[in-house]
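# Structure assessment
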Amino acid sequence: MIKVFFQFIIFTLFFTFSVFSKNYEKIIVKGNDRISDETILVFSEITDDRNLNENLINDILKKLYKSGFFKDVNVKLENNNLIINVIENPIIQTVFIKGIKRKKTEESLYEILSLKDRSSYNLSLVNKDENAILNYLKEMGYYFSKITSSYQDLGDNKIDLLYEVELGAKAKISKISFIGDKKFKNSILRNVIVSEEYRFWKFISGKKYLNENLINYDKRLLNNFFKNRGFFNVKIGSSFANYLGNDNFEIIYNISSGEKFYFNLFNVNLPIDYEQSNFDQLKKTFDKFKGEAYSLNAIDKILKEIDKIVLNEQFEFLKSTVKEEIEDNLINLTFEIGESEKFYVEKINIYGNNITREDVIRNNFLIDEGDAFNELLQTKTINRLKSLNFFSKVDSEIINSTDQNKKIINITVEEKPTGEIMAGAGVGTNGGTIAFGVSENNFLGRGIEFSSDITISEETLKGLIALNNPNYKGSNRSLNTSIESTTTDRLTDFGYKSNKTGFSVGSGFEFYDDLYWNTGISLYNDKLETNSSASATMKKQEGSYVDSFFNQTFSYDKRNQRYKTTDGFISRFTQNIPLISDTYTLTNSLDYKTYNQWFGENIVSLGFYMKTTKSLKDGEDVKLSERLYLPASKLRGFESGKVGPKDGSSFIGGNYTSSVNIATTLPQILPSLQNTNFSLFFDAANIWGVDYSSSLADESKIRSSIGIAVDFYTPVGPLNFSFSEVITKGPNDTTEAFRFNLGTTF
């Protein structure tokens, strides 16, 4: 019985093989016109043994269809020959997109199409292109757009392909809501995200339209915001858009902040053959952060210190990672420093940069061809490219080379728009302001920052054009230049008017950790006019002046974050030293501000400000346009510019100014008001010194006030106002118990 069974199996296998595996003498291709027989054979990948079965024939069919060149394919064995019958897809003579009025948008749509002029028509690619067009339009806010495709037969197997687009209205963000256990008020969270609510006067901003990419970016910003404040397990739930009708949407961000976490223990694990003493300096950093609220920025600072030690000690093949261990609401961090794979970089390829020049990208590399591969430098290079803000995506891939000790790095970037048009307006007790500007972060693809803006207020008209190369020739030094013109009309209140026009050239770099030094040379022409209300001494200063200065600024920034700072300080010292000048005015200024968090919620800030101006030339006085006035933010409770020395009825400013400012947020007051924030402040300041007349009092006296400030988000824009009670004042000072400012953008 068993013998009979095996005979049956062998017979079945032999019969099957004889039916489905056949020899053929030659291959005959039929129906092809444009595509040669040889090309079709290459597409089909037919093996040389000339033995085919049903599965192999199906593979040939799939491969020929996959090529996209054929509408229909038939493969069969007939009369000992392999017959391939094809019907070619027509050639697309021209691709048309209709319904798009904006030329730049139309050009962008042509770029993303898979089917181009002179390519073969393919229905699946047509469907793919339709989806690509719709997705692109959605990113621009056109969520209601429709598209239909058709073609016109031109004969001779040629067609014109047409995409007809019905744009529809843009989807507007009429409301932004934050729900869940969000811990922070809506007014604070609204300033974290990029999306903004639609208002009819916002005719420039594109952030008021529904955009899925922008919403995802908002979620990342919110996630980082909460984690930098200790909320380690924060969850930004899938935000969704609620259609309200009439092309309006409400964006809802569902936030679960969770418990607040704090740093506990820090450890460093090193390879056995590395000296622990090289990393002893990290202990101070660990001690500083122990007990502090969890923060991504803090971890980043520690990793940067580790990277610096590794690179300074010239450990080439090292990498660092961080592991987090949770105990209740405490987090223990272990920094693993280990050896990475040892190889050298043979070549670095860059793909996707159609606008950005390759040398701009390579100037940001910290690793180069021929170097030993260092994972730390590779990661920092990718982060530097991302921080340029030129690209929506930066990916890297490491592939093998023909040399086993070397590898090739492929970096692929996806470029994004880098220009912006800005318009804004503000009104307050000190008057109104209108501003308009145009900026481009990657000018001509050279990595140069270009900006131009005009600002108009009741007293001033200022225009500025500036260029800045933040990494000039890969030197990690910036090179900048600007041209500006400022007209300040104080004829009514102060008796003079100035017109200052000139240019500057400068450079800057990071002198030490978080310490930046910027230097430059400027040249200005300053024209002064006075009217009948000016004193005789002031009228003597009428005329034109030419001044050149050497400028330098030291900026030391140790804040834990730039937005909503809760810890650290920033100090800035600026000096303008005259080179060739009519008055040889030397100006120095120091601005310092420190932040601390008290009671877990209150952010307390302490600021100190001082500025001096004096002529270095005997017998010369500081020009009226160079005299100093206290910034309005440094002394509330007094009218801006109407404090200090006077000449007749005109406030003339001083040669010296200083202020001390103390403030604290008050989140405990009316916490249920989601769009309102309160703070308490104390301001003390002085302005004194009149060098051009010994007969005028220098008005040296401490002015001080205490008050409460309120920030309120309105449908128009942010409104802030303050109520002040003056404690001390000078005899001529003009007080102001209430001050407000309302701003908006377009």
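Residues numbered from 1 in each chain as written. Predicted model: local features only at pLDDT ≥ 70, side-chain atom pairs only at ≥ 80, totals over all residues. Heavy atoms only, no water.

A word on the sheet that holds strand β6 (residues 91-98). Overall, mixed pairing links the 3 strands, which are arranged β6-β8-β7 in an open sheet. Pairing within the sheet leaves two strands with one partner each, and these edge strands are β6 and β7 (146-155). The mean inter-strand angle of the sheet, taken between neighbouring strand axes irrespective of direction, is 20°. (Pairing = 2+ DSSP bridges. Helix = DSSP H or I, 4+ residues; strand = E, 2+ residues; numbered from the N terminus. Axes fitted to C-alpha atoms, helices over the stretch in contact; angles between N-to-C directions.)

What follows concerns the pattern of salt bridges. In this structure the tally under the stated criterion is 24 salt bridges. Here Asp-287 and Lys-283 are joined by a salt bridge, their closest N and O atoms 3.2 Å apart. Of this pair, Asp-287 and Lys-283 both sit in helix α8 (residues 282-289), 4 residues apart, roughly one helical turn. Across the pair Glu-736 and Arg-739 runs a salt bridge, and its minimum N-O distance is 3.0 Å. Taken individually, Glu-736 and Arg-739 each receive the classification buried, so the pair is uniform in this respect. Each of Asp-526, Asp-547, Lys-623 and Glu-626 takes part in one network of salt bridges that share partners. (Salt bridge = Lys/Arg side-chain N within 4 Å of Asp/Glu carboxyl O. Buried < 20%, exposed > 50% of the residue type's maximum accessible area, 1.4 Å probe, protein only.)

With that out of the way, let us pick up the packing of helix α4 (residues 103-112) against helix α5 (residues 123-139). One can describe the packing of α4 onto α5 by two numbers: an axis separation of 10 Å at closest approach and a directional angle of 140°. When the axes of α4 and α5 are compared, the pair comes out oblique. Viewed along their axes, α4 and α5 form a crossing whose handedness is right-handed. Facing α4, whose interface residues are Thr-105, Ser-108, Leu-109 and Ile-112, α5 presents Asp-129, Ala-132, Ile-133, Tyr-136 and Leu-137. (Parallel < 35°, antiparallel > 145°, perpendicular 65-115°, else oblique. Left-handed = near helix turned anticlockwise from the far one by under 90°. Contact = heavy atoms within 4.5 Å.)

Before going further, it helps to examine the packing of aromatic side chains. Tallied over the full model, the rule gives 34 aromatic pairs. Three or more aromatic residues link up through ring pairs in this structure, and these residues are Phe-232, Phe-261, Phe-263, Phe-266, Phe-286, Phe-289, Tyr-294 and Phe-335. Positioned over the ring face of Tyr-198 is Lys-172, at 5.5 Å from the centre of the ring. Against the face of Tyr-713 rests Arg-190, its NZ or CZ located 4.3 Å from the ring centre. (Phe/Tyr/Trp six-rings, centres within 6.5 Å; stacked < 30°, edge-to-face > 60°. Lys NZ or Arg CZ within 6 Å of the ring centre and 35° of its normal.)

So, about the environment of Asn-732. Counting through the fold element by element, Asn-732 comes out in the loop between β35 (718-728) and β36 (738-745). As for Asn-732 and Leu-388, which are separated by 344 residues in sequence, their C-alpha atoms are 51 Å apart. If sequence neighbours within four positions are ignored, Asn-732 has contacts with Lys-646, Phe-651 and Glu-699. In terms of polar contacts, Asn-732 uses its side chain to reach the side chain of Glu-699, at 2.9 Å. (Polar contact = N/O pair within 3.5 Å; in protein donor to acceptor, adjacent residues only side chain to side chain.)

With that out of the way, let us pick up the environment of Phe-509. Along the polypeptide, Phe-509 turns up in strand β24 (residues 496-512). For Phe-509, a relative accessible area of 19% translates into the label buried. Apart from the residues lying within four places of it in its own chain, the contact partners of Phe-509 are Asn-476, Arg-477, Leu-515, Tyr-516 and Trp-517.

Further remarks concern the packing of helix α2 (residues 37-44) against helix α3 (residues 54-66). The geometry of α2 relative to α3 is characterised by a closest axis approach of 8 Å and an angle of 115° between their N-to-C directions. For the pair α2 and α3, contact is made by Ile-40, Phe-43 and Ser-44 and by Ile-60, Lys-63 and Leu-64, respectively. Residues of the contact of α2 with α3, tallied by class, amount to 4 nonpolar, 1 polar and 1 charged. (Nonpolar A, V, L, I, M, F, W, Y, C, P; charged D, E, K, R; others polar.)

Once that is clear, we can look at the environment of Ile-331. Checked against the element boundaries, Ile-331 lands in strand β15 (residues 330-339). Judged by relative accessible area, which is 0%, Ile-331 ranks as buried. Here the alpha-carbon distance between Ile-331 and Phe-261, two residues 70 residues apart in the chain, equals 6.8 Å. Setting aside residues up to four positions removed in sequence, Ile-331 forms contacts with Phe-232, Phe-261, Tyr-262, Phe-263, Asn-264, Leu-265, Tyr-294, Glu-324, Glu-325 and Ile-326.

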